[in-house]
Amino acid sequence: MMLPNNIETPEDLTEKLTWLIEDTWAKMFGFSLGTDCPTERAKHLFINYAFKEYKKQPPENDEEFIYSLLPKFINYLVDRG
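To keep things clear, this report deals only with the structure shown in the data block. (Residues numbered from 1 in each chain as written. Predicted model: local features only at pLDDT ≥ 70, side-chain atom pairs only at ≥ 80, totals over all residues. Heavy atoms only, no water.)

**Focus on the pattern of salt bridges**
Item 1. Evaluation of the coordinates by the stated rule reveals five salt bridges.
Item 2. Note that Asp23 and Lys27 form a salt bridge whose closest N and O atoms lie 3.3 Å from each other. Residue Asp23 and its partner Lys27 are both found in helix H1 (residues 10-33); the two are separated by four residues, about one turn of the helix.
Item 3. You can call Asp23 partly exposed: its relative accessible area is 25%.
Item 4. The structure contains a network of salt bridges with shared partners spanning Asp23, Lys27 and Glu63. (Salt bridge = Lys/Arg side-chain N within 4 Å of Asp/Glu carboxyl O. Helix = DSSP H or I, 4+ residues; strand = E, 2+ residues; numbered from the N terminus. Buried < 20%, exposed > 50% of the residue type's maximum accessible area, 1.4 Å probe, protein only.)

Spelled out as structure tokens, the structure:
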């Protein structure tokens, strides 16, 4: 995976993505849905899921991409049982 210009190391990418996913997570629930965020465990599961999806195909618009993952993540959890 190619690193974006402002990212110098894989650790930088991990830190940037973690921050972006957490921020978008809060926006999805707080701003878009107007509800409390799910538990910390749910957030961490979502972060792991988002990382896997991001690494498959880095998106052009990170925030839109993360928003699009929420229904896929819910389906993933349901399918996991």
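**Describing helix H2 (residues 40-56)**
Item 1. With 17 residues, H2 extends 25 Å from end C-alpha to end C-alpha; this agrees with the ideal 24 Å at 1.5 Å per step.
Item 2. Within H2, the full set of buried residues consists of Ala42, Lys43, Phe46, Ile47, Tyr49, Ala50, Phe51, Glu53 and Tyr54.
Item 3. The elements touched by buried residues of H2 are H1 and helix H3 (62-80). (Expected span 1.5 Å × (residues − 1). Contact = heavy atoms within 4.5 Å.)

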